[in-house]
Amino acid sequence: MNRILRIDLTNKKSEVYEDNKLYDEFIGGTGTATKLLFDMNIKNVDPLSPESPIILSIGPLNGFFPIATKTIAMFKSPLTGNLGESHAGGRLFLSMFDAGLSAIVITGKAKQPSFIVINDENVEFYRANSIWGQSALAAERILHSSVKCVGKRSIIRIGPAGENGSLMANASVDIGRHFGRLGLGAVMGSKNLKAIVVSGSKRNKIADFGKFNKVYNKIFQAAVKSPAMKKYHDLGTPQNVIPLNKINSLPTRNFSQGFFENADELSGENMSKNYLAQQIACANCPVGCIHLGVLREPFQDNIHYKSFKIPYDYEPIYAMGTNLSINSPEALLKLLYVVERAGWDVMETGVTLGWATEAFERGLIGTKETEGLVLNFGDSETYGQVLEKMLENKSEFYRDLNMGSAYCAEKYGGIEFAINFGKNGSPGYITGRDAFLGFLMGVRHSHLDSAGYSLDEKIIKGDMQEDPSAEIDLMIKEEEWRFILNSLTVCLFARKIYTEEVVIDALDAVGIKKTPDELKNIARKIHALKYKIKVDNGFNLDNLSFPNKLFEVQTGRGKMNREVVNNMIRDYTTKMKDLIKEV
Amino acid sequence: MRKVMRVVNRAQCIGCYSCMLACSRTYFHIASTKLSAMRVKNYAGVEGAFSIRICTGCLQPDCAAACPTDALTIREGGGVIFHEEKCVHCYKCVEACTLNAMQWDPIAKEPLVCHQCGICAEYCPNGVLALVEVDDE
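Remember, it's a predicted structure, so these values are computed and weren't measured experimentally.

Moving on, we get to the overall build of chain B. Broken down by element type, chain B carries four helices and nine strands. Counting from the amino terminus, chain B carries its helices and strands in the arrangement β-α-β-β-β-α-β-β-α-β-β-α-β. Here the C-alpha radius of gyration of chain B, 15 Å, is about what a compact globule of 137 residues would show, namely 14 Å. Taking the principal axes of the C-alpha coordinates as reference, chain B spans close to 40 × 40 × 30 Å. Each of the 137 residues in chain B was classed as buried or not, and the buried ones make up 44%. Taking as baseline every contact in chain B between residues at least 6 positions apart, the subset at least 24 positions apart corresponds to 58%.

Another aspect to go through is the interface of chain A and chain B. Contact residues are listed per partner, giving 28 residues for chain A and 20 residues for chain B. Those elements giving two or more residues to the side of chain A that touches chain B turn out to be helix 4 (136-146), strand 13 (204-205), helix 7 (209-225) and strand 14 (276-280) of chain A. Element by element, the count of residues in the side of chain A that touches chain B is highest for helix 4 of chain A, at four residues. When the residues that make up the side of chain A that touches chain B are grouped by side-chain class, the tally is twelve nonpolar, nine polar and seven charged. Where strand 13 of chain A lies against strand 2 (residues 30-31) of chain B, two bridges are found, and the strand directions are antiparallel. The partner of Lys205 of chain A across the bridge, within strand 2 of chain B, is Ile30 of chain B.

Our focus in this paragraph is the pairing of strand 9 (residues 154-157) of chain A. Residue and element names in this part refer to chain A. Residue alternation in strand 9 divides its side chains into two sets, Ser154 and Ile156 and Ile155 and Arg157, and both sets are buried. Relative to strand 12 (residues 193-199), strand 9 is paired through four bridges, and the arrangement is antiparallel. Note that in strand 12 the partner of Arg157 across the bridge is Ala195. Across two bridges, the pairing between strand 9 and strand 10 (residues 171-173) is antiparallel. If you follow Ile156 over to strand 10, its bridge partner there is Val173.

By size, the foremost hydrophobic cluster in this structure holds 225 residues, and its most contacted members are Ile55 of chain A together with Cys19 of chain B. Those residues in contact with Cys19 of chain B, other than ones at most four positions away along the chain, are Met38, Val40, Cys120, Tyr123, Cys124 and Leu129 of chain B.

In this section: the packing of helix 2 (residues 29-39) of chain A against helix 23 (residues 468-488) of chain A. Axes are the key here: two packed helices are described by the angle between their axes and the distance separating the axes. Residue and element names in this part refer to chain A. As a packed pair, helix 2 and helix 23 sit with axes 4 Å apart at the nearest point and diverge in direction by 90 degrees. Classified by the angle their axes make, helix 2 and helix 23 are roughly perpendicular. Along the contact surface, helix 2 presents Gly29, Thr30 and Gly31, while helix 23 presents Phe483, Asn486, Ser487 and Leu488. Broken down by class, the residue content of the contact of helix 2 with helix 23 amounts to two nonpolar, five polar and no charged.

The next point concerns the confidence of the model for chain B. Confidence along chain B averages 94 in pLDDT terms, with 98% of residues attaining 70 or more. Here the predicted complex carries an ipTM of 0.92, next to a pTM of 0.97.

Now for helix 13 (residues 314-321) of chain A. All names here are of chain A. The element helix 13 is largely enclosed, with a buried count of eight among its eight residues. By the burial criterion, the buried members of helix 13 are Tyr314, Glu315, Pro316, Ile317, Tyr318, Ala319, Met320 and Gly321. Looking at the buried positions of helix 13, the neighbouring elements they touch are helix 9 (241-246), helix 10 (263-266), strand 16 (304-312), helix 14 (329-342) and helix 15 (346-361).

So, on to the sheet that holds strand 3 (residues 54-57) of chain A. Residue and element names in this part refer to chain A. Read from one edge to the other, the open sheet built from six strands follows the order 2-1-6-3-4-5, with strand pairing classed as mixed. The two strands at the open ends of the sheet, each matched to only one other strand, are strand 2 (13-18) and strand 5 (83-88). On average, each strand axis in the sheet is tilted by 15 degrees relative to the strand beside it, whichever way the strands run. Across four bridges, strand 3 lies against strand 6 (residues 103-107) in antiparallel orientation. By the bridge assignment for strand 6, Ser57 is matched with Ala103.

All names here are of chain A. One open sheet accounts for six strands, arranged 8-7-12-9-10-11; its pairing is mixed. At either end of the open sheet lies a strand with only one pairing partner, and these are strand 8 (122-127) and strand 11 (177-179). Each strand of the sheet is rotated relative to its neighbour by a mean of 20 degrees, with strand direction disregarded. Along the sheet face, helix 4 touches strand 7 (114-119), strand 9, strand 10 and strand 12 and points at about 145 degrees away from the line of strand 9.

Here is what the cut-offs are and how they apply
Residues numbered from 1 in each chain as written. Chains lettered and ligands numbered in written order. Predicted model: local features only at pLDDT ≥ 70, side-chain atom pairs only at ≥ 80, totals over all residues. Helix = DSSP H or I, 4+ residues; strand = E, 2+ residues; numbered from the N terminus. Rg over C-alpha atoms; globule rule 2.2 N^0.38 Å. Buried ≥ 20, exposed ≤ 12 C-beta atoms within 10 Å, placed from the backbone. Contact = placed C-beta atoms within 7 Å. Nonpolar A, V, L, I, M, F, W, Y, C, P; charged D, E, K, R; others polar. Pairing = 2+ DSSP bridges. Core = buried A, V, L, I, M, F, W, Y, C linked by C-beta atoms within 7 Å. Axes fitted to C-alpha atoms, helices over the stretch in contact; angles between N-to-C directions. Parallel < 35°, antiparallel > 145°, perpendicular 65-115°, else oblique. pLDDT = per-residue confidence, 0-100.

Here it is in structure tokens:
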């Protein structure tokens, strides 16, 4: 392993090379991808130019152990201008593993709409004129049946959103998984790259079968039996809806409050009972957290019916549901279906529509901009029309919506209620200041960076005392440990199974010796490099704050004290400035 | 009474491949789905539709009947036993199985024969597969 495939779309060339030193130093996954991106020096590179790279990266546990199911995508984000990083499940890691590739680095720009097929280290370049314009769902169907592969295939593709250069375009992976955040779809679109198909024929040997099996079975048994995974196995991430609502932490009507009066309707319980078609899994994950909802719609005088399967999770329910005050699961699934076909990041889409609705209410935009549509929270039909107009991408206002909430607020006003952090639309937690601080300071502005929301929840429950300085330190510690998990690369839902001890044993079972201290040092180095990339590419540490509106909101922990928050941001920032000096 | 493999709850399959991984791992010591003697198939564009093809241990196996060299002989209790030294790599066994249960190793050019051991079922998280007692009376 430790082989990297470089693909140049402009010249239709590719090469494979081995770099064991890189993998020894940075493990794999997010660690090695960060170093690769850092070494490419993207400082003066336009994210949507041919030089802009796309890195797909897996780690040493992928393919070997259960729930090591993620692939890391790293790129320069066209949405934020700095570090672009998004993680996806599905089968991609397996296809790369079977192909004997630890990383794929794509640069250049195809002369016309194209897709590439990677079978082991062989790369073929195909014209994609006939599928340009197809939805992200149709593209998968078509490529699945028309492309010859040497093994289990994974299909990464963009929808019309990515083709149109929407900064919130994602890249869909297999069924119901996505490189969702920070605009990878726009980067692919800018390269005329509709899709990437990967498969491999390699048979990766298990060196020490006895030792390996012991660790495998420990992880597998924990995955199927332990309470650690039960939540994901049963209701899936939407299990969060009711508990968050109970502590006033479920974003409602563009973060106006944390209580949604119709949370029961959109709850994991109700979705499972009345709308769940089935659950599916990423390869080598016995948990199967991917929930596919079913939407039945009548047509032809209501005599005929058609059905759609639409993946749902907590974040889509928040972003397009509670945040827009959508009351019914049917209406929500219908909106999610449009988003899925277009290939947008559902979270940025919901946040942008939340901003637009409030901007409309406040008169910053009017029917002139919206071409006659009246935006109201709860009006799913109109939101559907808005999405269709965004998909058409014709008029100025709807083109602007495709650029995300930060861009729109900058242009039309309402920065104080455009709920994004570092220009990335907020995740769905109003638990308190630590959630927001994590979104702001985390390297990819994700709730999964440092899980500040979980500290908030502990404090709400009384399991932990308030202490700004300790809260910051715990978040940094958590984020750095997660760099290790994201380097392996395991799904963060399995973080309670992949303890430090299990990680060290699993690495040992595939022939990699690391001590806890070595892991800590590697994590620290990864953190420093990521932050250096962010700051070098315009993430301004001297100008950080939360969207003003959030100070008016009753969070799960109550109203935030502005002075305390500002001090925390200042202290966190100081630590990050010191961190960068370690590079 | 004999024990053979059955797909008992096809619609409960989540497509995790734990079964195929267990089979390849157990018999070939590889981390792969590739040398599994059974297969979970995905269908293009049908979200979450899986079809599971596994040797059901025929008493009069079509694969063995199709083998020109007796490389496949009838196993007591159902299914077949593979005699590698007799195999002429003709692929006829695979073609003979209407279930498409007989898998193929494209490098060795040999069939991958199910041992009716049930290891795949042991790793199935959702009870899709089972080693079941069959009464032929």
